[in-house]
Each structure stands twice: as C-alpha cells, then as structure tokens.
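Residue-level listing of the chains:
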Amino acid sequence: MSILVCGGAGYVGSHCLEALKAAGYDCVVVDDLSRGHRAAVGESPLYVGNIADDALMDRVFREHHIEVVLHFAAASQVGESMKEPLLYYENNLCATVALLRSMRRHEVGRIVFSSSAAVYGEPDTVPIPEESPKAPTNTYGETKLAMERLMHWCHVAYGLEYVSLRYFNAAGASPSGIIGEDHTPETHLIPLVLQAAQGRREKVSIFGDDYPTPDGTCIRDYIHTSDLASAHLLAARRLLAGEGSGIFNLGSEHGLSVRQIIDAARKVTGRDFPVEVAPRRAGDPAVLIASNRKAREELGWVPAHSDAESILASAWAWHSSHPDGFGDR
Ligand code: UDP
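Along every chain, residues carry numbers that run from 1 in the direction the sequence is written. In keeping with the model being predicted, local features are shown solely for residues with a pLDDT of at least 70 and side-chain atom pairs are shown and tallied solely at 80 or more, while totals for entire chains, interfaces and linings include all residues. As a rule here, side-chain values come from all non-hydrogen atoms in the structure, and water together with hydrogens is ignored.

Undergrad: Just to check I follow, could you spell out the pairing of strand 1 (residues 2-6) for this structure?
TA: Each regular strand displays side chains that alternate between the two surfaces of the sheet. Where burial is concerned, most of strand 1 is hidden: five out of the five residues are buried. Residues of strand 1 alternate between two faces, with Ser-2, Leu-4 and Cys-6 on one and Ile-3 and Val-5 on the opposite face, all of them buried. Here, strands pair whenever DSSP counts at least two bridges between them. Numbering goes from the N terminus for both helices and strands, where a helix is a DSSP run of H or I of at least four residues and a strand is a run of E of at least two. Note that strand 1 and strand 2 (residues 26-31) share five bridges and pair parallel. Of the residues in strand 2, the one forming a bridge with Ser-2 is Asp-26. Assignment of crossover handedness uses the view with strands pointing away from the viewer, where a clockwise path from the first strand over the helix to the second indicates a right-handed crossover. For the crossover that starts at strand 1, traverses helix 1 (residues 11-22) and ends in the parallel strand 2, the hand is right-handed. By the bridge criterion, five bridges tie strand 1 to strand 4 (residues 66-71) in an arrangement that is parallel. In the sheet register, Leu-4 faces strand 4, and the bridge partner there is Val-69. Throughout, exposure labels follow a simple rule: accessible area from a 1.4 Å probe, protein chains only, divided by the maximum for the residue type, with under 20% read as buried, over 50% as exposed, and the rest as partly exposed.

Following this line, the structure appears as structure tokens:
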C-alpha cells in the first residue's frame, strides 16, 4: 500500500512527506519541479511531471498500489494569481480535474487536499469557523474554493472520499534540518524577515500599519509545518479507516501581527535589521485567525509547535544552515 503525494517536492508537501515516511508509510511523489525541489523529496520514488499528464499518472497508478492521494500540487502566490488568473485556473483547478479523472480510471477513491484560509476572504467573525461565508478576494482563493466544490460533487456523484484542509499561514521548518521554506521569488513574511536578519535583504517592508488592529499591522494565524504534517497523517488515517469526508481549518487559533513577527525574529536571531512601513498590499484582510475546534474534535488534532518561538527558531535553523535554500534555482 502506498500514498501518492502530488506536489511532494514543495514546501508543505515535503514536510508532510517526511512525516508520512517517519510514520512508516510507503510514499510515491509526483512533482513537476516547477516550484518544488528535488532534494526535498529524499529517497522516495519521484515522477517528474505534471499531475495533468494522463500517461504519466497511468504509469504511477499502474506501478504502485495507491490507497490514498495527498494533493499539494498547486500554484499558491496570491499576488501572482491576480496577474495570471488563467495560470491559476489551469494549474490548480484544471489539473485537479485531470488528477481526479486519473484516480477514477484507476479506482482510487480517497484524497486529502490542500485548501486555504483564502477561501473565506474578509471574514465576518474571528476566529473563523468552517461554516463562515466563502467569499475569496483573490484568484488563488477562488481556485481553492472551486477545487473544494469539485471534490464535493465528485463525492456526491462517484462516492469520492475527501478531506479538505484549509491552511492558515504555513510557517517554520522541519526539526530534521533537511527541509524548509525556499520559494523563488520569496514573498512570505517570515522568510523575508529572516533573510533581512541574515543581511541578505536590506530591510523588511511592513505592508500597512493603519489596519484596525492593536499595533496597526495585519494579524495572521501562523501554523507550523510539523502541525500541518500531523493533521495530514490524521486525515489520511481517517480516510483509510473509512470514516468519511470532511473539511477542516488548520490554524493555531492564535494571531500574530506583522510587528510581533518582526520583534520575535529579532529575539530569536539576536540580530537587528531595518524595517520600513510601506503601502498596504491589495487584497490583505486585517485579521485572519482560525477556529480549529472541528479539527481538534473530529480529527483529534493537537497543534503543538505553532508558537512564535518554535516557528521562528526552526525557520532560523533552516535559513542559517541553508542560506541559499536548496541551492537549485
Ligand atoms: N507582509 C508584510 N511584508 C512583507 C510580506 C508580507 O508586511 O514583505 C504581511 C502581509 O501583508 C500579511 C502578512 O505579512 O499581512 C503575511 O503575509 P504572507 O505573504 O507571509 O502570507 P499570506 O497572509 O499572504 O498568506
């Protein structure tokens, strides 16, 4: 029995892959390496190609006995999604249609899927429960919502069992020290702040300090990749045990402002770096904090590594040992 990890060379995918292997599962990876890194896959069999390539997927499903698919393969930059909506619909939604078709051809009926807090848009209530209105403010969130609805209708029509996991802000690096966050270009706050602490960036820009929050900067719910990985294990087990489909937020229920992240980074790294206030970034809600009650109650998930110190210390260890990331770009 194997688990197919689509997008297993990417940031969250590789952290989940590492946890699945540590838990004793045989894993197979498909990744086109457009954004992922070969070194992040380790020793697992890697098929380099796109999940929309039917011939490739037929080969993967024929060569391995796949019981469940974990689907991380997607483009995930909000800003880019606003400039390139066709790319996002193609990469995210169309490719997922193709993946589900391949799964159907090979009678694989279980999938764990990476969704996002971006499906909510500007929330009415914080912390955000799963049943909150879904009104994405960007193309990225819209494609994730469309993928969720696709899973739902495939569940109704074909009996597909799926678990959709809505990540809040994925952050941190594996305690193994082997994998971490490496995007090109880098757009995420924590790696940018740590690169400034390393002196690799001149300064950190705070995107707006006039939000209705205590210090005026945006508040996000940062969730450690180790906690995301444990949730994926629980989700895969749930499907394998026949316990049915579900949609769950993955967040810590704890918000940190941009300034709090910068302060925590100064403390963890022991380094100072220049900070400037820049204009707001389009489409940024002021506060995004998850309610994680459902995941705790129904999956038995306990996020244990998502305090600022653990996130920043693990990310700092990775950035310090891998100043050029995986060094393949
Ligand atoms: N942010 C910032 N400066 C940066 C990058 C991000 O102030 O250089 C802010 C951004 O506006 C948001 C928060 O940091 O409020 C987290 O942004 P990130 O891009 O890491 O994740 P997102 O919330 O977009 O998924």
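After that view of the structure, there is still more to cover.
Undergrad: Would you mind showing me how to read the sheet that holds strand 4 here?
TA: Whether parallel or antiparallel, the strands of a sheet pair through hydrogen bonds between backbone atoms. The strand order across the open sheet built from seven strands is 3-2-1-4-5-6-11, with neighbouring strands paired in parallel fashion. In this open sheet, the two strands that pair with only one neighbour each are strand 3 (46-48) and strand 11 (246-250). In this sheet, neighbouring strand axes are inclined to one another by 20 degrees on average, regardless of whether the strands run parallel or antiparallel. Any two residues having at least one pair of non-hydrogen atoms within 4.5 Å are treated as being in contact. Axis geometry follows a simple rule: fit a line to the C-alpha atoms, using only the stretch in contact for helices, then measure angles between N-to-C directions, giving values from 0 to 180 degrees. Those strands touched by helix 5 (residues 139-158) are strand 4, strand 5 (110-116), strand 6 (161-167) and strand 11, and its axis lies near 155 degrees from that of strand 5.

Undergrad: Sorry if this is basic, but what is going on with the pattern of salt bridges here?
TA: Side-chain pairs of opposite charge can arise where the charged atoms are in close proximity. Salt bridge, as used here: a side-chain nitrogen of Lys or Arg that lies within 4 Å of a carboxyl oxygen of Asp or Glu. A complete count under the given rule lists 15 salt bridges for this structure. Across the pair Asp-263 and Arg-266 runs a salt bridge, and its minimum N-O distance is 3.9 Å. Separated by three residues within a single helix, Asp-263 and Arg-266 lie in helix 8 (residues 258-269), roughly one turn from each other.

Undergrad: How should I be thinking about the packing of aromatic side chains in this particular structure?
TA: Each aromatic ring pair is characterised by the separation of its centres together with the angle its planes make. Within 6.5 Å between ring centres, the rings of Phe, Tyr and Trp (the latter by its six-membered ring) count as paired, and their orientation is classed by plane angle as stacked under 30 degrees, edge-to-face over 60, tilted in between. Scanning all chains against the criterion turns up two aromatic pairs. A centroid spacing of 6.4 Å and a plane angle of 35 degrees characterise the contact between Tyr-120 and Phe-168, whose relative ring orientation is tilted. Remark: Phe-168 occurs in the loop between strand 6 and strand 7 (169-171) and Tyr-120 occurs in the loop between strand 5 and helix 5; sequence separation between them is 48 residues. As far as the burial class goes, Tyr-120 and Phe-168 line up, both buried. A centroid spacing of 5.0 Å and a plane angle of 50 degrees characterise the contact between Trp-318 and Phe-326, whose relative ring orientation is tilted. A residue is classified by how much of its surface remains accessible, and Phe-326, at 17% relative accessible area, is buried. Criterion for a charge above a ring: Arg CZ or Lys NZ at most 6 Å from the ring centre, at most 35 degrees from the ring normal. Between the NZ or CZ atom of Lys-294 and the centre of the ring of Phe-248, over which it lies, the distance is 5.0 Å.

Undergrad: When you look at the site of the ligand in this model, what are you seeing that I'm missing?
TA: We define proximity as follows: a residue is near a molecule or strand when any one of its heavy atoms falls within 4 Å of that partner. Residues in close proximity to the ligand total 14 residues, the closest being Leu-189, Ser-205, Phe-207, Arg-281 and Asp-284. Contacts described as polar in this section are N or O atom pairs within 3.5 Å, which, within protein, must combine one atom able to donate a hydrogen with one able to accept it, while residues neighboring in sequence count only if both atoms come from side chains. Take Arg-281: an N or O atom from its side chain is 2.7 Å from an oxygen atom of the ligand. At the level of secondary structure, the elements contributing two or more residues to the shell around the ligand comprise helix 6 (189-197) and strand 8 (204-207). Any residue outside Ala, Val, Leu, Ile, Met, Phe, Trp, Tyr, Cys, Pro, Asp, Glu, Lys and Arg is labelled polar, Gly included; the first ten of those are nonpolar and the last four are charged. Considered class by class, the residues forming the shell around the ligand number seven nonpolar, four polar and three charged.

Undergrad: Teacher, can you tell me more about the side chain of Ser-257 here?
TA: Relative to the elements of secondary structure, Ser-257 occurs in strand 12 (residues 256-257). Leave out the neighbours within four places in its chain, and Ser-257 touches Asp-215, Thr-217, Cys-218 and Ile-219.

Undergrad: Sorry, what's going on with helix 7 (residues 225-240) here?
TA: Count 3.6 residues to each turn of an α-helix, and residues three or four apart come out pointing the same way. In this analysis, the expected span of each helix is defined as 1.5 Å times one less than the number of residues it contains. The end-to-end C-alpha distance of helix 7, which contains 16 residues, comes to 22 Å, matching closely the 22 Å that a straight helix rising 1.5 Å per residue would cover. With twelve of its 16 residues buried, helix 7 lies for the most part within the structure. Where helix 7 ends, the next residue or the one after it, Gly-242, has phi of about 75 degrees, a positive value.

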